[in-house]
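Overview (structure and organization)
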Amino acid sequence: MKLGKTPARNNAIQFKFASYFSATKLPTPPAYFGHHDLVKQWRMFANDQVADCVFAGAAHESMMWRAEGGTSVAFDDASVLKSYSELTGFDPSNPATDQGSDMEDAAAYRRKTGILDADGQRHTIDSYVALARGDVDEIILATYLFGASGAGINLPSTAEQQFDAGQVWDVVPHARDRGGHYVPIVGVQRDTGNLLCVTWGRLHPMTRAFYKF
């Protein structure tokens, strides 16, 4: 599996979620929620071979939002990689160009240009804000309000093993930092309270401690 989120840049996104959304004035998210079941099939979008996780995540978010509106949209590997190439200069014939994506650059691309779907249509976002690093309550509120929230995480070396074994992502002491990864958070799991994300072609849970870490 590949990652692909480049290192975070401090204050790259000037607008902060907490400056515009007050938790005290908004509905309290329920103990569990999510519309992820509306999406019938999540896809890998080449993220097992290419460091395009930021754009695979963008496609998954668009799928989620369209499903919430009662429609569907099709993305495929070619369309996701086309968007990845447009922003980063990735050339499939030159592996050295597969360097991943900056989250703020990708968000700006999504707002100004939009990611391509399999039918050649562009999907834009209206705006974007930065979430406080490791703040579980904030990302739960953002996900409850908007259906999906993009999260940049430093993935430990144990995460792929947990994923392959079908185990929840959880903190393992002294695990090696493997690099940055982008995942959409799409809900909170019933009973466990774990966050639900979409990564590497499927829905996967992570503990709150893992997100904070």
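Rules and cut-offs
Residues numbered from 1 in each chain as written. Predicted model: local features only at pLDDT ≥ 70, side-chain atom pairs only at ≥ 80, totals over all residues. Heavy atoms only, no water. Axes fitted to C-alpha atoms, helices over the stretch in contact; angles between N-to-C directions. Helix = DSSP H or I, 4+ residues; strand = E, 2+ residues; numbered from the N terminus. Parallel < 35°, antiparallel > 145°, perpendicular 65-115°, else oblique. Left-handed = near helix turned anticlockwise from the far one by under 90°. Contact = heavy atoms within 4.5 Å. Nonpolar A, V, L, I, M, F, W, Y, C, P; charged D, E, K, R; others polar. Phe/Tyr/Trp six-rings, centres within 6.5 Å; stacked < 30°, edge-to-face > 60°. Buried < 20%, exposed > 50% of the residue type's maximum accessible area, 1.4 Å probe, protein only. Lys NZ or Arg CZ within 6 Å of the ring centre and 35° of its normal.

**Thoughts on the packing of helix H2 (residues 53-68) against helix H4 (residues 103-112)**
Viewed as axis vectors pointing N to C, H2 and H4 meet at an angle of 45 degrees, and their least axial separation amounts to 11 Å. Overall, the two elements H2 and H4 adopt an arrangement that is oblique. Considering only the axes of H2 and H4, their crossing is right-handed. For the pair H2 and H4, contact is made by Val54, Phe55, Ala58, Glu61, Ser62 and Trp65 and by Ala106, Tyr109 and Arg110, respectively. Its residues assigned to classes, the contact of H2 with H4 shows 6 nonpolar, 1 polar and 2 charged.

**Examining the packing of aromatic side chains**
Under the counting rule described, the total for this entry stands at 11 aromatic pairs. An angle of 85 degrees between the planes, with centres 5.5 Å apart, marks the rings of Phe21 and Phe146 as edge-to-face. Of this pair, Phe21 sits in the loop between helix H1 (17-20) and strand E1 (33-34) while Phe146 sits in helix H5 (residues 136-146), and the two are 125 residues apart along the sequence. A relative accessible area of 41% means that Phe146 is categorised as partly exposed. Summarising the aromatic geometry, the rings of Phe33 and Tyr144 are spaced 5.2 Å apart at their centres and angled 70 degrees between planes, so their arrangement reads as edge-to-face. Placement of Phe33 in strand E1 and of Tyr144 in helix H5 is noted, with a sequence separation of 111 residues between them. Note on Phe33: relative accessible area 13%, which makes it buried. An aromatic cluster is built from Phe55, Tyr84, Phe90 and Tyr109, whose rings are joined through pairwise contacts. Sitting over the ring of Phe163, Arg202 keeps its end group 3.7 Å from the ring centre.

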